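Chains, contacts and geometry: an overview
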Amino acid sequence: MSSYRIPGYSGKILEVDLGREIVRARPLDPALAEDYLGGRGLATRLFVDAVDPACDPLGEGNVMVLATSPLVGMNAPTSCRGHVVFKSPLTGVIGSSNCGGTWANVFKAAGYDAIVIRGKARTPVMIDITPDRVELLPADSLWGLDVHETTDRLLEDGAGKRARVLCIGPAGEHLVRFAALMNDKNRAYGRSGPGAVWGSKNLKAIRVFGQEKTRVVDPERYQSGLDQARFLLRAVPTTKRLLNDMGTAGLVRLINVIDMLPHRNFQDNLHRQDRLDGASGEALRSRLLVRSGACMRCPLGCQRHTRVGDRTGEGPEYETLVLLGMNCDVYDLEAVTLANYQCNELGIDTMSCGGTLACAMELFERRYITEQDTEGLDLSFGNASVLEELVRRIAFRTGIGDQLAEGAARLAARYHHPEVAMTVKGLEIPAYDPRASYTQALGYMTSPTGACHLRGGYAVSLAFFGGAREIPRFSLLQSPIAIRNLQNIGILQDSLGVCRFTGYAYSAEPWSRMVSGATGLDFSTHRLEQTADRIAALERVFNLEAGVTRDDDTLPARFSDESIVVGGKERCVPKDVIERLRSDYYELQGWDSEGRPDRALLHKRKIERLRS
């Protein structure tokens, strides 16, 4: 391994074995940085090299990797994001989650590009990181505290205000399969259950302090990309105004206009306008908003700091507002906001929580779950009064909460009606009905983590907000190439440590100049495309080794068998359309008819790994 350190990188990987109580740093191999960039790419490579795909996600053999990127620590727009990769306890496939806030920036400033966490501590612990030392400290006194209490305690404990905390809440401690990791109290690595992995390892928190600066090697090239990015962000209405005015909740009315807003566990897309207006982004702004906010180095300002009565917090975001709200037939904005606060405090992914509650409500509506099962709780659609109580029961696994904590797929299977779970590969579907867009349907089907509009490609941005880039949303011909391209730009954004919302304004060109200027390497757009292809292939390889087959790249039967009205026409995603989209996507990726890349393709992608 070369000892050369690439500019833009800290040049060190921190390895922590909790069971053996070993902490050590090793050099970052420059070849890994050049081939996998950072963030999602680097974390995926380190993870795949360290873990057995057959491991128990909640066992000692699972490994979690958190990684930053070469642009993190610089003044590039939105360049504050970190990425975690692990085997998901919710899905059994690769878990991959991204988060803004400040933690990743401070972690890199402490002198590290990534941390690899193995094993299981005998008793609760935390990791304390500064540029001079890394320590494993007892965390018994923190166990049982919520996210906000844990953060406050660790920042009071002699660390000073400049330290940052990443932690789990009670949901992670109780191994809720969709528990989140939280930083800055309300910023979440939410999807796929990373908090449960930490809970299984008895890891409560990582506190980090750092102040090292990341310097640019080629300031002129970097600045040309930065100037272009800033200009384009100011030129596009979505990034110039919409996100700052209303946050992501401002999408509610728009997604309803395009007939994509789910209702009653995706049974339909029918919303009474007066009810919808009372639970929209406009209503949130007029009734609950205290102020807007932003992640570090973000000019977009989509955070919503809100108040309900004497309680304050962040959110709800669009996904939360819809999945805990309209998809449960709940239009009580205050009730959804309070449930969102509680999810953040207890460390729960609001998206999977909302999908699971909607599944439970449909099971209850059909009398597959009864009040005897719920200990008297009324899980009827529209009952806003039970949201907070259900969130609490999930986090502590009490009563029906113990079953809900397993996620929608396991819940529905327990009651012998798996068709009621709106999941792909076990992950609950986001708040965009796939029957309204073949492109988004294919994105859910082929996302490496299961149903995800980010890992699978945010097709809504292309199909409706793309300007000259828009495509017909029911195009069999264009959907595979469109979703592959969206997935690849998403891989690059996750690997560069920047926000998906920049994709409304521009694609890879500004980032190419900035990362090339930062590192002194030639990260051309062509090379970045090759990097994205390599990372996508590696994620697929892991999933194949973990047991994924072609049959897993599909949608719940509801989306083929039950139509909704889109643009005045009955629409579904027929099984023959699923077959064609999937086959064409595989061919485009260079995979065989079963979705497997062959050894020649892996060799081309510089991946020498594929188990029989």
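Residues numbered from 1 in each chain as written. Predicted model: local features only at pLDDT ≥ 70, side-chain atom pairs only at ≥ 80, totals over all residues. Heavy atoms only, no water.

Let us now look at the overall build of the chain. A count of helical and extended segments in the chain gives 25 helices and 19 strands. A globule of 612 residues ought to have a C-alpha radius of gyration of about 25 Å, and the chain, at 22 Å, matches this closely. Along the three orthogonal principal directions, the C-alpha set of the chain runs to about 65 × 55 × 50 Å. Residues counted as buried form 65% of the 612 residues belonging to the chain. Sequence separation of 24 or more characterises 70% of the internal contacts of the chain that already satisfy a separation of 6 or more. Counting only carbon and sulfur atoms, one obtains 47% of the accessible surface of the chain, whose full area is about 21000 Å². Distance between charge centroids for the chain: 4 Å, based on 75 positive and 76 negative side chains. (Helix = DSSP H or I, 4+ residues; strand = E, 2+ residues; numbered from the N terminus. Rg over C-alpha atoms; globule rule 2.2 N^0.38 Å. Buried < 20%, exposed > 50% of the residue type's maximum accessible area, 1.4 Å probe, protein only. Contact = heavy atoms within 4.5 Å. Areas by Shrake-Rupley, 256 points an atom, 1.4 Å probe, with all protein chains shown as cover. Lys, Arg positive; Asp, Glu negative; His and termini not counted. Charge placed at Lys NZ, Arg CZ, Asp CG, Glu CD.)

The pairing of strand E14 (residues 303-308) with strand E15 (residues 311-314) spans 4 bridges and is antiparallel. Counterpart to threonine 306 in the pairing with E15 is glycine 313. In sequence, E14 turns back onto E15 through a hairpin of 2 residues, with glycine 309 there showing a positive phi of about 60 degrees. (Pairing = 2+ DSSP bridges.)

Relative to the helices and strands, asparagine 327 resides in the loop between helix H12 (318-323) and helix H13 (333-346). Residue asparagine 327 is classed as buried on the basis of its relative accessible area of 0%. Excluding anything up to four places from it in sequence, asparagine 327 contacts Pro262, His263, Arg264, Asn265, Phe266, Val322, Ala358 and Phe381.

All right, on to the side chain of serine 69 then. By secondary structure assignment, the location of serine 69 is in the loop between strand E3 (64-67) and strand E4 (82-87). Residue contacts for serine 69: discarding those within four places in its chain leaves Gly8, Gly38, Gly39, Lys108, Asp494, Ser495, Leu496 and Gly497.

What follows deals with H13. Helix length check: H13, at 14 residues, gives a terminal C-alpha distance of 20 Å against a target of 20 Å (1.5 Å per residue), a fit within 8%. Among the 14 residues of H13, 13 are classified as buried, and the element is accordingly described as predominantly covered. Capping the start of H13 is the job of one residue whose side-chain oxygen sits 3.2 Å from the backbone nitrogen of glutamate 334: aspartate 332. Positive phi appears at glycine 347, one or two residues downstream of H13, with a value of about 80 degrees. (Expected span 1.5 Å × (residues − 1). Polar contact = N/O pair within 3.5 Å; in protein donor to acceptor, adjacent residues only side chain to side chain.)

Attention shifts here to unusual backbone geometry. Of note, the bond from glycine 315 into proline 316 is cis; its omega dihedral lies within 30 degrees of zero at 10 degrees. Relative to the helices and strands, proline 316 resides in the loop between E15 and H12. Phi at arginine 397 takes a positive value of approximately 55 degrees, unusual for a residue other than glycine. Along the chain, arginine 397 falls in the loop between helix H15 (387-396) and helix H16 (401-404). Unusually for a residue other than glycine, lysine 606 sits at a positive phi of about 65 degrees. Looking at the secondary structure, you find lysine 606 in the segment after helix H25 (599-604). Judged by relative accessible area, which is 46%, lysine 606 ranks as partly exposed.

Before going further, it helps to examine the sheet that holds strand E7 (residues 125-129). Spatially, 6 strands are ordered E8-E7-E12-E9-E10-E11 in an open sheet, and the strand pairing comes out mixed. Of all the strands in the sheet, just strand E8 (134-138) and strand E11 (187-189) have a single pairing partner and so form its edges. The average angle at which neighbouring strand axes cross in this sheet is 20 degrees, direction not considered. Summarising the sheet, strand E9 (residues 164-167) and strand E12 (residues 203-208) pair through 4 bridges and their orientation is antiparallel. Bridge pairing in E12 links valine 165 to arginine 207. Sitting on the sheet, helix H4 (residues 147-156) is in contact with E7, E9, strand E10 (181-183) and E12, with an inclination near 145 degrees to E9. (Axes fitted to C-alpha atoms, helices over the stretch in contact; angles between N-to-C directions.)

One can read the domain layout of the chain as domain 1 (12-208), domain 2 (244-428) and domain 3 (437-504 + 524-604). Its C-alpha centre places domain 1 at a distance of 28 Å from the equivalent point of domain 3. Between domain 1 and domain 3, the contact holds 35 residues from the first and 26 residues from the second. Applying the counting criterion to the domain 1 and domain 3 interface returns 3 salt bridges. Of the charged contacts in the structure, one is a salt bridge between aspartate 494 and arginine 40, with a shortest N-O distance of 2.9 Å. Within the residue set of the side of domain 1 that touches domain 3, elements represented by two or more residues are helix H1 (30-36), helix H2 (39-50), E4 and strand E5 (94-99). For the side of domain 1 that touches domain 3, the element with the highest residue contribution is H2, accounting for 7 residues. Its residues assigned to classes, the side of domain 1 that touches domain 3 comprises 13 nonpolar, 15 polar and 7 charged. (Domains from an automatic or database assignment. Salt bridge = Lys/Arg side-chain N within 4 Å of Asp/Glu carboxyl O. Nonpolar A, V, L, I, M, F, W, Y, C, P; charged D, E, K, R; others polar.)

With that out of the way, let us pick up the pattern of salt bridges. Tallied over the entire structure, the rule returns 48 salt bridges. For glutamate 509, the salt bridge identified is with arginine 513, shortest N-O distance 2.9 Å. Linking glutamate 509 with arginine 513, this pair stays in helix H21 (residues 509-519), spanning 4 residues, or about one helical turn. Owing to a relative accessible area of 35%, glutamate 509 belongs among the partly exposed residues under this scheme.

For the rest of this paragraph, the subject is the packing of H2 against helix H22 (residues 525-545). With their axes 10 Å apart at the nearest point, H2 and H22 run at an angle of 35 degrees to one another. Here H2 runs over H22; the crossing is left-handed. Between H2, through Arg40, Gly41, Thr44, Arg45, Phe47 and Val48, and H22, the contact on the second element is made entirely by Ile535, Leu538, Glu539 and Phe542. Broken down by class, the residue content of the contact of H2 with H22 amounts to 5 nonpolar, 2 polar and 3 charged. (Left-handed = near helix turned anticlockwise from the far one by under 90°.)

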